[in-house]
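Each chain, written out:
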Amino acid sequence: MPTSPGILATIASVFRQNRASCLALNFIAISLVVSYYQVPALAGFWESLGALKLRWSFVFACLSTMFAAAVLPTFIQLAQGVLPQEGRWKRLTLLMLFWGYRGMEIDLFYRLQGMIFGHGNDAATLVKKVVFDQFVASPLWFVPTYVIALRWVEMGGSWSRTRASLDREFWTQTCPTVLVTNWLVWIPALALVYSLPAALQFPLFSVVMCCFILIVTVMARGK
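Residues numbered from 1 in each chain as written. Predicted model: local features only at pLDDT ≥ 70, side-chain atom pairs only at ≥ 80, totals over all residues. Heavy atoms only, no water.

Student: So what's going on with the pattern of salt bridges? Which residues, and what values?
Tutor: In the structure shown here, the tally under the stated rule is 4 salt bridges. Across the pair Arg-151 and Glu-154 runs a salt bridge whose closest N-O atoms are separated by 3.9 Å. Highlighted residues: Arg-151 and Glu-154, both in helix H4 (residues 123–154), separated by 3 residues, approximately one helical turn. (Salt bridge = Lys/Arg side-chain N within 4 Å of Asp/Glu carboxyl O. Helix = DSSP H or I, 4+ residues; strand = E, 2+ residues; numbered from the N terminus.)

Student: Mind laying out a nonpolar patch on the surface, listing which residues take part and the relevant values?
Tutor: A cluster of nonpolar side chains, Tyr-101, Met-104, Val-127, Val-131, Phe-135, Val-136, Leu-140 and Trp-141, forms an exposed patch at the surface whose accessible area comes to about 740 Å². Here the nonpolar patch takes 6 residues from H4, the largest share from any one element. Structurally, Leu-140 can be placed in helix H4. (Patch = residues over 30% accessible without salt bridge, like charges linked within 9 Å, V, L, I, M, F, W, Y side chains within 5 Å. Areas by Shrake-Rupley, 256 points an atom, 1.4 Å probe, with all protein chains shown as cover.)

Student: Provide a residue-level description of the side chain of Thr-145, including the pertinent values.
Tutor: By the element assignment, Thr-145 lies in helix H4. A polar side-chain atom of Thr-145 sits 2.6 Å from a polar atom in the side chain of Arg-102. A polar side-chain atom of Thr-145 sits 3.2 Å from the main-chain carbonyl oxygen of Phe-142. Setting aside residues up to four positions removed in sequence, Thr-145 forms contacts with Phe-98 and Arg-102. (Polar contact = N/O pair within 3.5 Å; in protein donor to acceptor, adjacent residues only side chain to side chain. Contact = heavy atoms within 4.5 Å.)

Student: Account for the environment of Arg-88, naming residues and giving values.
Tutor: Looking at the element boundaries, Arg-88 is found in helix H3 (residues 88–117). Placed 14 residues apart in sequence, Arg-88 and Thr-74 show a C-alpha to C-alpha distance of 8.7 Å. Residue contacts for Arg-88: discarding those within four places in its chain leaves Leu-78 and Leu-83.

Student: Could you give an account of the packing of aromatic side chains, with specific residues and numbers?
Tutor: Under the defined criterion, the tally for this structure stands at 16 aromatic pairs. Centre to centre, the rings of Tyr-36 and Tyr-37 are 4.9 Å apart; their planes meet at 75 degrees, and the pair counts as edge-to-face. Here Phe-75 and Trp-89 contribute two aromatic rings whose centre-to-centre distance is 6.1 Å and whose plane-to-plane angle is 45 degrees, an arrangement assigned as tilted. Linking Phe-75 in helix H2 (residues 40–80) with Trp-89 in helix H3, this pair joins segments that are 14 residues apart in sequence. In this arrangement the basic side chain of Arg-111 is found over the ring face of Phe-58, its NZ or CZ atom lying 4.2 Å from the centre. (Phe/Tyr/Trp six-rings, centres within 6.5 Å; stacked < 30°, edge-to-face > 60°. Lys NZ or Arg CZ within 6 Å of the ring centre and 35° of its normal.)

Student: An account of unusual backbone geometry is requested, with residue identities and associated values reported.
Tutor: The backbone of Ser-57 sits at a positive phi, close to 50 degrees, despite the residue not being glycine. Within the secondary structure, Ser-57 is located in helix H2.

Student: Describe helix H6 (residues 168–193), and please don't skip the residues or the numbers.
Tutor: With 26 residues, H6 extends 35 Å from end C-alpha to end C-alpha; this agrees with the ideal 38 Å at 1.5 Å per step. The largest bend along H6 reaches roughly 40 degrees and is located at Trp-186, with the proline Pro-188 sitting one to four residues downstream. Every buried residue belonging to H6 is among Phe-170, Cys-175, Leu-179, Val-180, Thr-181, Asn-182, Val-185, Trp-186, Ala-189, Leu-190, Leu-192 and Val-193, and all of these are buried. (Expected span 1.5 Å × (residues − 1). Bend = angle between axes of the 7 residues up to and from the residue. Buried < 20%, exposed > 50% of the residue type's maximum accessible area, 1.4 Å probe, protein only.)

Student: Can you break down H2 residue by residue, with the values?
Tutor: Note that an α-helix has 3.6 residues per turn; residues three or four places apart therefore point the same way. With 41 residues, H2 extends just 37 Å between its outermost C-alpha atoms, more than 12% less than the 60 Å of an ideal straight helix rising 1.5 Å per residue. Where H2 bends most, at Trp-56, the angle is about 110 degrees. Among the residues trailing H2, Gly-81 stands out with phi positive, at a value near 75 degrees.

Student: Tell me what's going on with the packing of H4 against H6, and back it up with residues and numbers.
Tutor: One way to put it is that H4 packs onto H6 with a least axis distance of 9 Å and a crossing angle of 140 degrees. One element, H4, and the other, H6, form an angle in the oblique class. Read as a crossing pair, H4 and H6 show a hand that is right-handed. Partitioned by chemical class, the residues of the contact of H4 with H6 number 19 nonpolar, 4 polar and 2 charged. (Axes fitted to C-alpha atoms, helices over the stretch in contact; angles between N-to-C directions. Parallel < 35°, antiparallel > 145°, perpendicular 65-115°, else oblique. Left-handed = near helix turned anticlockwise from the far one by under 90°. Nonpolar A, V, L, I, M, F, W, Y, C, P; charged D, E, K, R; others polar.)

Student: I'd like a description of the packing of H2 against H3, backed by residues and values.
Tutor: Pairs of packed helices are described in terms of their axes, by the angle between the two and the distance that separates them. For the pair H2 and H3, the least separation of the axes is 8 Å and the interaxial angle reads 145 degrees. In the packing of H2 onto H3, the handedness of the crossing is right-handed. Looking at side-chain class alone, the contact of H2 with H3 contains 16 nonpolar, 6 polar and 5 charged residues.

Everything listed here is a matter of coordinates, which is why it stays silent on function.
As structure tokens, then:
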């Protein structure tokens with residue numbers, strides 16, 4: 001298991017690698033929330049998007065997340081010439097399967113949060129939702145299953161190879177590092193997401209995630 005200095009060095013490295021993305025992401029999120037509350041013309045657009053979400057429910061969640069997290073990044077990587085030739089379409093299919101499911105799961109989680117903590121946008125409600133999201137659900141479920149799913153995609157959809165790769169390093173270094181990255185990116189962003197009416201929370205999440213993945217994909221071009 002890594003020593004404390006090693007863990008601190010990893011956290012510092014994660015912060016350095018993601019600080020630009022974090023700042024850009026949260027600037028986008030703040031701008032979107034301000035546009036809803038302060039710009040009537042854009043507020044109408046958000047209301048229409050919220051109505052679309054209510055109408056199509058889990059279908060909206062599935063398709064929007066699939067597009068934002070799988071389809072769009074893949075085609076950007078393809079345009080950049082950094083997408084591996086071998087198995088690229090199978091990889092895209094596996095990513096779409098995972099993110100389509102994960103989008104519906106997150107939508108259900110937002111509804112559960114609303115049932116438990118209410119739909120207010122006061123400070124106490126926002127803190128409860130963000131804390132439960134990031135310090136209970138994420139370390140226990142969202143982050144581990146996300147990293148395992150990505151490993152499954154890398155292994156070409158083979159569960160036996162994926163299971164064999166889940167060694168001690170995976171649980172003591174890979175998952176904690178991804179969790180720290182998750183905190184740096186999503187704690188401030190989720191405070192903004194949860195400040196909106198329930199119908200608009202998932203649409204804002206989808207837009208922010210799409211922007212974040214675009215930023216990360218472009219930044220990673222030379223890496």
